Structures are given as C-alpha cells and as structure tokens.
Amino acid sequence: MSLPEQLSKLVQSTTGPAPWFWETFPEVRGSGSRRYRWRFHGHQEGLSFLVTLHGEGEPDKPRMALNTYCRPFSIEDGKIGVWSPEGRSLRFTCFEPDRMQAFELEEIAGWFAASSERIYAVTPPQAEFDVSTELEAGTYAIEVPVSFHPVDEVLAPCNYKAPAQSDPAFAILMAYPQAGLVEVLPQNWITQETYDVANHWITRAARDPETHRIIGELSKAGIFELAENGRDFSRWL
C-alpha cells in the first residue's frame, strides 16, 4: 500500500461529525468490562438523524443523544469527551457513562427539532470548557478542567470568521488539554473565492504519525495534506 493510500485510510478512520460519520465514533468502555454502543436512528420518526449512546444490550435505554456536528473523543478512566460548535465557540464536554442516568427514547422524540442544543443527557457533564472560534491565528493558554488532562490533542475543524471573500472561511483548532493550550490554524486555502463553503467544509482532520503534518477531508472534494505550517494546502492524497 502506498503512503498516500495509508494516509487516506487514516483519515477515513478518523472520527467525523454526527450523524454522517457515526460509525467512526470511538469505542466507549466503562469500569471493568462494561461496554457502551453507539446507535444511529436514521429516519425514525421523532429521532431522525440522532445518534445515541447506550449500554451494551440496552438499545432503548440511552444515556446520551447527539445532534448534528457533535464529535466524541476518547478520554481515559471510563470517560468520553464530546466537542461541538456552540455559537461562536467550540464546547468540550466530559461524561462518565457509568454514572449517567438512562432515559426513555420518548423523552427526546422531536426535542432536537425545536432546540439548538447539541447534546441531550439527563446527567450533566462531569466537566466542560469552551474555546472561541474568533481567536486570531496563534497559540493561547486556556483553562482546562482536570478531567480532560489525560488527552494530549484534539483536532477540531470549524467555521471561521471571514470578513472578506479572500479570508479563510475555516480553521483547525488544535486543543492540547494536557498542556492547557489551543492553537488556531486558519485555513488560508479555503475561502469564499476558492470554494463554495456551504458545501465544501472540513469534516475531519488527523495527524500523520510520521511527518506530524495535518491531513484531513474536505467535503465533496477529497482527502488533503497541509503544509508544515498547518495553514496552507500541500497536496491531495
């Protein structure tokens, strides 16, 4: 297998947003041998496009429901993180499934349709923090709750303010929870002049383990590799 093929497979296995990429969501384990499963509800009435998390063997007793654009990420010690866009920020939340109260699917039937909320859970998150999507390019210190400290890095593609048509319309926020830092990487190559940004958006991003360059997927365009600065386009894979 060629290097571009290997990198493409890496991107294709990287977690993307709910509900389109729910099959890429990370495995969730609780204490001991306890496991949890993700379930996609398709076009089920009242639950269209929702993805829920439930204990193994309990498909109708979810503990969490995710609306569009949510992306789970792994945290050690039986926890699961979820990041999602919230207005002009990205919200990072930490949950402990073993301690989450289950609820009936009927409780959320139609709930998201009338709400801008991204996550539904009876039990509130154990911890959370926000990062503004309006920060200029650069690296910033942020306050991160200790629950997130086992996480080294989260690559979070997001919409980005673009006052002019030639300005970057997307960015990749590199959150480093363990270090208490976030790096903002506006994508210079994706502007309103170069792409139809309503249809071409970054669905997911990962890091090449060998070169440490960022690789990712642009919707309806393909899989790409960025230059060393993490902001400019290098090549299609």
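Please read these numbers as outputs of a predicted model, since none were measured by experiment.

*Asks:* What exactly am I supposed to notice about the overall build of the protein chain here?
*Replies:* In terms of regular secondary structure, the protein chain is built from one helix and 17 strands. Taking 237 residues into account, the globule formula puts the C-alpha radius of gyration at 18 Å, and the protein chain, at 18 Å, falls close to it. Based on the C-alpha atoms only, the size of the protein chain along its principal axes is roughly 45 × 40 × 35 Å. Within the protein chain, counting contacts between residues at least 6 apart in sequence, those at least 24 apart form 52% of the total. About 11400 Å² of surface is accessible on the protein chain, with carbon and sulfur atoms providing 46% of the total. Averaged over its 21 positive side-chain charges, the protein chain has a centre that lies 3 Å from the centre of its 33 negative ones.

*Asks:* Mind showing me how you'd approach the pairing of strand E6 (residues 79–86) here?
*Replies:* One face of the sheet, then the other: side chains in a regular strand alternate in exactly this way. Judged by how many residues are buried, E6 sits mostly within the fold: six of eight residues are covered. Where strand E5 (residues 71–75) meets E6, five bridges bridge the pair, whose relative direction is antiparallel. Its bridge partner lying in E6, Phe73 is registered against Gly81. Connecting the antiparallel pair E5 and E6 is a turn made up of three residues, with Asp77 showing a positive phi of about 65°. For E6 and strand E7 (residues 89–95), the ladder comprises seven bridges, and the chain directions are antiparallel. Bridging across to E7, Trp83 finds its partner in Phe92.

*Asks:* Which parts of the structure should I look at to understand the sheet that holds strand E10 (residues 138–141)?
*Replies:* The pairing of strands in a sheet comes from backbone hydrogen bonds and takes either a parallel or an antiparallel form. Judged by pairing direction, the sheet is antiparallel, and its four strands sit side by side in the order E10-E13-E12-E11 without closing on themselves. Among the strands making up the open sheet, the edge pair consists of E10 and strand E11 (154–159). Across this sheet, the average inter-strand angle for adjacent strands is 25°, counted without regard to direction. As paired elements, E11 and strand E12 (residues 170–176) share six bridges and run antiparallel to each other. Of the residues in E12, the one forming a bridge with Ala156 is Leu173.

*Asks:* Would you mind showing me how to read the packing of aromatic side chains here?
*Replies:* Each pair of aromatic rings is reported with the distance of its centres and the angle of its planes. In this structure the tally under the stated criterion is 17 aromatic pairs. Between Phe92 and Phe129, the aromatic rings sit 4.8 Å apart at their centres with planes inclined by 0°, giving stacked as the arrangement. Taken together, the residues span a long stretch of sequence, with Phe92 in strand E7 and Phe129 in strand E9 (residues 127–132) at a distance of 37 residues. Given a relative accessible area of 2%, Phe92 falls into the buried group. Arranged with centres 5.1 Å apart and planes meeting at 45°, the rings of Trp189 and Phe233 form a pair that is tilted. Note that Trp189 is positioned in the loop between strand E13 (181–186) and strand E14 (202–207) and Phe233 in strand E17 (residues 233–236), a separation of 44 residues in sequence. Residue classification places Phe233 among the partly exposed residues on the basis of a relative accessible area of 30%. Following the ring pairs from residue to residue traces out a cluster consisting of Phe73, Trp83, Phe92, Phe129 and Phe148.

*Asks:* I tried to follow the environment of Gly110 on my own but got confused; where do I start?
*Replies:* By the secondary structure assignment, Gly110 is in the loop between E7 and strand E8 (119–120). Gly110 sits 63 residues away from Leu47 along the chain, and the two C-alpha atoms are 6.4 Å apart.

*Asks:* For this particular structure, what's the right way to read the nonpolar core?
*Replies:* Within soluble globular proteins, side chains that are nonpolar generally end up buried alongside one another. Membership of the largest hydrophobic core comes to 21 residues, with the highest contact counts inside it found for Phe73, Trp83, Leu90, Phe92, Phe148, Val154 and Leu173. Every element with two or more residues in this core is listed here: E5, E7, E9, E11, E12 and E13. Leaving out residues up to four positions away in the same chain, Phe148 has contacts with Phe73, Ile75, Phe92, Thr93, Cys94, Ala127, Glu128, Phe129 and Pro177. Residues Leu155, Tyr176, Leu185 and Phe224 belong to the second largest nonpolar core, which totals 16 residues.

*Asks:* Just checking my understanding: could you explain the pattern of salt bridges for this structure?
*Replies:* Note on pairing: side chains with opposite charge can pair once their charged atoms come close. Applying the stated criterion to the full structure yields 15 salt bridges. One salt bridge connects Arg35 with Glu27, and the closest N-O pair in it is separated by 3.9 Å. The salt bridge partner of Glu134 is Arg88, with a shortest N-O separation of 3.7 Å. Placement of Glu134 in the loop between E9 and E10 and of Arg88 in the loop between E6 and E7 is noted, with a sequence separation of 46 residues between them. By relative accessible area, Glu134 is classed as partly exposed at 35%. Several salt bridges share partner residues, and in doing so they unite Arg213, Glu225, Glu228 and Arg235 into one network.

*Asks:* Would you mind going over helix H1 (residues 3–12) with me for this structure?
*Replies:* Taken together, the buried positions of H1 are occupied by Leu7, Ser8 and Val11. Viewed end-on, H1 has its buried residues packed into an arc of 105°, placing them on one side of the element. Here the buried face of H1 lies against E14, strand E15 (214–218), strand E16 (222–226) and E17.

What counts, and at which threshold
- Residues numbered from 1 in each chain as written.
- Predicted model: local features only at pLDDT ≥ 70, side-chain atom pairs only at ≥ 80, totals over all residues.
- Heavy atoms only, no water.
- Helix = DSSP H or I, 4+ residues; strand = E, 2+ residues; numbered from the N terminus.
- Rg over C-alpha atoms; globule rule 2.2 N^0.38 Å.
- Contact = heavy atoms within 4.5 Å.
- Areas by Shrake-Rupley, 256 points an atom, 1.4 Å probe, with all protein chains shown as cover.
- Lys, Arg positive; Asp, Glu negative; His and termini not counted.
- Charge placed at Lys NZ, Arg CZ, Asp CG, Glu CD.
- Buried < 20%, exposed > 50% of the residue type's maximum accessible area, 1.4 Å probe, protein only.
- Pairing = 2+ DSSP bridges.
- Axes fitted to C-alpha atoms, helices over the stretch in contact; angles between N-to-C directions.
- Phe/Tyr/Trp six-rings, centres within 6.5 Å; stacked < 30°, edge-to-face > 60°.
- Core = buried A, V, L, I, M, F, W, Y, C linked by side-chain atoms within 4.5 Å.
- Salt bridge = Lys/Arg side-chain N within 4 Å of Asp/Glu carboxyl O.
- Arc of directions from axis to C-beta.

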